[in-house]
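For reference, the chains in residue letters:
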Amino acid sequence: MDQTTLQQTIAKLAPNAVFNTNPQFVEAVVPANELHQVAKALKDNSETQFDFLCNQTGIDQKGELKVVYHLRSTSLNHACVLKASASNREDAILDTVSDIWAAAEFFEREIFDLLGIRFTNHPDMRRLFLEDDFQGFPLRKDFVDNVNIIEF
Amino acid sequence: MVEKAEVILGENEQYVINMGPQHPSTHGVLRFELSLKGEIVDKVVPHCGYIHRGIEKMCEANTYQQIIHLTDRMDYLSAHPNNEAVSLLVEKALGIEVPERVKVIRTMLSELGRLGSHQLWWAAFGMDLGALTTFFYGLRDREKILDIFEESFGSRLLHSYICPGGLMNDIHPNFKTRVKELIPYLRKKLPEYDQLLTGNVIFTERSKNIGIMTKEDAISYGITGPSGRGSGFACDVRKAEPYSAYDRVDFKEILMTEGDTFARYQVRILEMYESIKILEQLVDQIPDGDYTVKMKPIIKLPEGEYYQRVETARGELGVYAVSTGEKFPDRMRFRTPNFSNLFIIDKLARGHKIADLVAISGSLDLVIPDIDR
Amino acid sequence: MAFSIYDFSSFTQSIHQLLSGVMSPAWVLVSELVLVGLVFLMFYALLGLALVYLERRVCAFIQNRLGPNRVGPQGIFQTIADLIKLLFKEIFIIKNADKFLFNLAPFIVIIASMMAIGALPFAKGLHAMDFNIGVFYILAVTSLGVVGILLAGWSSNSKYSLLGAMRSGAQIISYELSVGLSMLAIIIFSGSMQLSVIVESQANGWWIFKGHIPAFISFVIFLIAATAETNRGPFDLAEAESELTAGFHTEYSGIRFAFFFLAEYMNMFLAAALATTLFLGGWMPLHFGVDTQFNHIMDFVPPVVWFFGKTFFVIYIIMLFKWTFPRLRIDQLLTLEWKYLLPINLFNIVLIAFLVMMGWHF
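So, here's what we can say about the structure.

Conventions adopted
- Residues numbered from 1 in each chain as written.
- Chains lettered and ligands numbered in written order.
- Predicted model: local features only at pLDDT ≥ 70, side-chain atom pairs only at ≥ 80, totals over all residues.
- Heavy atoms only, no water.
- Core = buried A, V, L, I, M, F, W, Y, C linked by side-chain atoms within 4.5 Å.
- Buried < 20%, exposed > 50% of the residue type's maximum accessible area, 1.4 Å probe, protein only.
- Helix = DSSP H or I, 4+ residues; strand = E, 2+ residues; numbered from the N terminus.
- Axes fitted to C-alpha atoms, helices over the stretch in contact; angles between N-to-C directions.
- Parallel < 35°, antiparallel > 145°, perpendicular 65-115°, else oblique.
- Contact = heavy atoms within 4.5 Å.
- Nonpolar A, V, L, I, M, F, W, Y, C, P; charged D, E, K, R; others polar.
- Pairing = 2+ DSSP bridges.
- Phe/Tyr/Trp six-rings, centres within 6.5 Å; stacked < 30°, edge-to-face > 60°.
- Lys NZ or Arg CZ within 6 Å of the ring centre and 35° of its normal.

## Brief notes about the nonpolar core
Ranked by internal contacts, the top residues of the largest apolar core, which has 88 residues, are Tyr-69, Leu-71, Leu-82 and Ile-117 of chain A. When residues in this core are grouped by element, the largest group, seven residues, is from helix α3 (residues 104-115) of chain A. Among the nonpolar cores identified, the runner-up in size contains 77 residues, and Ile-117, Leu-274, Trp-306 and Ile-315 of chain C belong to it.

## As for the packing of helix α5 (residues 134-153) of chain B against helix α6 (residues 175-198) of chain B
Residues and elements named next belong to chain B. At a minimum axis separation of 10 Å, α5 and α6 run at an interaxial angle of 170 degrees. By the criterion of interaxial angle, the relationship of α5 to α6 is roughly antiparallel. Counting all contacts with α5, which are made through Thr-134, Tyr-137, Gly-138, Arg-140, Asp-141, Lys-144, Ile-145, Asp-147, Ile-148, Glu-151 and Ser-152, the residues of α6 involved are Phe-175, Arg-178, Val-179, Leu-182, Tyr-185, Leu-186, Lys-189, Glu-192, Tyr-193, Leu-196 and Leu-197. Residue composition of the contact of α5 with α6, grouped by class: 11 nonpolar, three polar and eight charged.

## So, the sheet that holds strand β4 (residues 64-72) of chain A
Backbone hydrogen bonds hold the strands of a sheet together, and the pairing may be parallel or antiparallel. All names here are of chain A. Pairing is mixed across the open sheet formed by five strands, whose spatial order is β1-β2-β5-β4-β3. Of all the strands in the sheet, just β1 (18-20) and β3 (52-61) have a single pairing partner and so form its edges. This sheet shows a mean twist of 25 degrees between the axes of neighbouring strands, independent of strand direction. In this sheet, strand β2 (residues 26-29) lies alongside β1 in antiparallel orientation, the contact comprising three bridges. In the strand pairing of β2, Asn-20 is matched with Glu-27. Relative to β2, helix α1 (residues 3-13) is tilted by about 20 degrees, and along the sheet it contacts β1, β2 and β5 (79-85). Packing against the sheet, helix α2 (residues 35-44) makes contact with β4 and β5, and its axis sits at approximately 170 degrees to β5.

## Things to note about the packing of aromatic side chains
Applying the stated rule across the entire model yields 37 aromatic pairs over all chains. Seen in terms of ring centroids, Trp-122 of chain B and Tyr-193 of chain B are 4.0 Å apart; in terms of plane orientation they differ by 10 degrees. Their pairing is stacked. Placement of the pair is Trp-122 of chain B in helix α4 (residues 100-128) and Tyr-193 of chain B in helix α6, with a sequence separation of 71 residues. For Tyr-193 of chain B, a relative accessible area of 0% corresponds to the buried category. Geometrically, the ring pair formed by Phe-102 of chain C and Tyr-252 of chain C is stacked, given 4.2 Å between the ring centres and 5 degrees between the ring planes. Here Tyr-252 of chain C lies in the loop between α11 (241-244) and α12 (254-279) and Phe-102 of chain C lies in helix α4 (residues 99-117), a separation of 150 residues in the sequence. In this structure, Phe-102 of chain C and Tyr-252 of chain C share a single accessibility class: buried. Taken together, Phe-40, Phe-43, Phe-269, Phe-307, Phe-308 and Phe-312 of chain C form an aromatic cluster joined through their ring pairs. Over the ring of Phe-251 of chain B we find Lys-239 of chain B; its NZ or CZ atom is 4.5 Å from the centre of that ring. The ring of Tyr-15 of chain B has Lys-159 of chain C lying over it, and the distance from NZ or CZ to the ring centre is 5.6 Å.

## Some thoughts on the sheet that holds strand β2 (residues 31-37) of chain B
Read across the sheet, three strands follow the order β1-β2-β3 (chain B) without closing on themselves; strand pairing throughout is antiparallel. The sheet is open, and its two edges are formed by β1 (15-19) and β3 (40-47) of chain B, each paired on a single side. For this sheet, the mean angle separating the axes of adjacent strands, direction not counted, is 20 degrees. Where helix α7 (residues 159-190) of chain C meets the sheet, it contacts β1 and β2 of chain B, and its direction lies at approximately 110 degrees from that of β1 of chain B.

Structure representation (structure tokens):
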């Protein structure tokens, strides 16, 4: 499926999505409250069949915490990017997709650990790499490390 | 008088063992929290982060040429594909076409690295199962590959050789003859691996029907590389999205459908033969030309988001970069194969014995720095 | 007979007479006991060092390595250097370990193996004790070793140790059956439990040749079971370094660890020596036919050389096992014993009894 038809199919499944220009993938930005529903539809729909979450990561862009999902279909061989932003920085919350793709469980733990986005309904929302009493979230742009001060 | 309740000690209690971070079979600083019932594993909780260095954070303050050196330290057994992933990403973003010579050499280095990595895996996997001799047989052959590496770029493990625009320097004049000598040598020595381990009754008993991973699980958990292909998940990036010189070589994507430890073992063994095949096709076709494109000293990627994936010895490595047009990336994300491959272990090992857990974790071929980054 | 040149009983008799001439009978007994004890301690230590060196060279040979080659010619002093290192190492006892049992365990293991070695006939007239129930005694004494292993695992206050000890308990108790039953085959053949009599009964041919195929089956089962009994690879589940780090002796250090280490090698020697004594004719030379030139030449090789030659051959085979095979899993190990070796062995015993009853063996 080429990019334009794929974009149209996704637009049908996610009516409120905004499509960004991206030379590589179809990129859809969905509202945070529709994320779980859209993700499930993308996986289950016979025309999209995005069954492989190959990458999920968080970015701190222009003061906004976003989560990026790189989806791929193993049977239809197409890919898309899904994006969702958390509403605020202090109490960033998004829906989990770990019930749709098992891989997300640990990607989300990593994102929580490093960016502090909390995922609701996640089975085990703990830090993954850092100690449990670590203060702050290192991948945020406003993170200041008082212990290992490295200035560039 | 309060009536004393009858307490049977240990009836429903879990026997919890911390396997790692210092343990011979976790191959690095990984900790499994095992809940046991006798010898049977009831639950495995992996704890990582013992070698977390914050490579993704460090990337935000380094130029793209400097990032190359950080990627070596992730999956140190396949340093070339790691370097190549970032290089390809930068080249794609800038629209640079590298010379043919670079493409062929990059492919050959990746395959040499894959051979070495699989040999080390085979060596360590045998040790996990208690066959100590395999270690020396595997390392004996890997040594030859490392010698080739050492001659061309001075280092044996962390090469940092492939860089944006091409290669750091040209290959050693001996490179071609050394690889030509290596191919018949490995063709002779690889059957020894089968003789020593594959046909052994104890080994097949230990590995067949152990830790069965279905194709659905493999896709859902994102298990890529030989581990995923052992379950029939066709996830080879070299086939799906050929990069460098993979589009012009003829090789098979090894797929097994059993999904057990033995299938994952066989995929890797057969992949070594495929790698030799690729080397054989390319060794005589290294074109003359420049080893690099002239690059600016400071690379600035145009604003945007880029994603590049390559196939390392352990699976799909995805590099995701967000650039704001500066010399440093705004965000650099490495989707490492081992990170995804690790977490299925709880599902695979449940209900098996401790010895099987060791076999399963060995067959997933984990490199811990690649998990923690 | 040509053996008489190498008969050690005249030598021991002369020592006895010499001592009797200078002291009272009670003191003679005491001094003889001390002498035998000293000789055995020396023998034990030297053999342990030799076996460790041998293992490292054999292992290196199989693994395309050189092995120890720096300390002394061909590295023969390497094990002595290692021993000195182990002697000077700190012995630490982890918190909350049962100190008494923790310290006791290595001694139980080493005493058990030492007691068993005392009953072996090394040559004609060269053994410390010649019981009329020698085989029975060795079986009884070697099974004491497992007590030491269980105690070591239990008293260490470590979970890995406990798992290792439990595995070892299950394993040794199971394989004791096979060892006992395959020894029983030879007892039926020779009609005696006295080790010297068993060796004498092989003067006209070793049991492995005389006893037809059943004796050979017994020998193979004995070899497998004895390897399991000594906790060596591929049956080294009690240690299983890739699973349990070091199993029952995880928490031991210094000379206490060396005791376990030494005991393992001595048990291996004991297993090989028993296989030699029971199946391969003990210190009897190799004979073909009756009264040939070859036999006369063989007779002039001292029996001690024969005994150690055969024993080290069996040890080499046991070492080959360890360095080529992967480790079994605990359930496979027990399946092998209870579902395969034991039924075969029982059937084999019946067959041997029938053979002996009909007088079909040589």
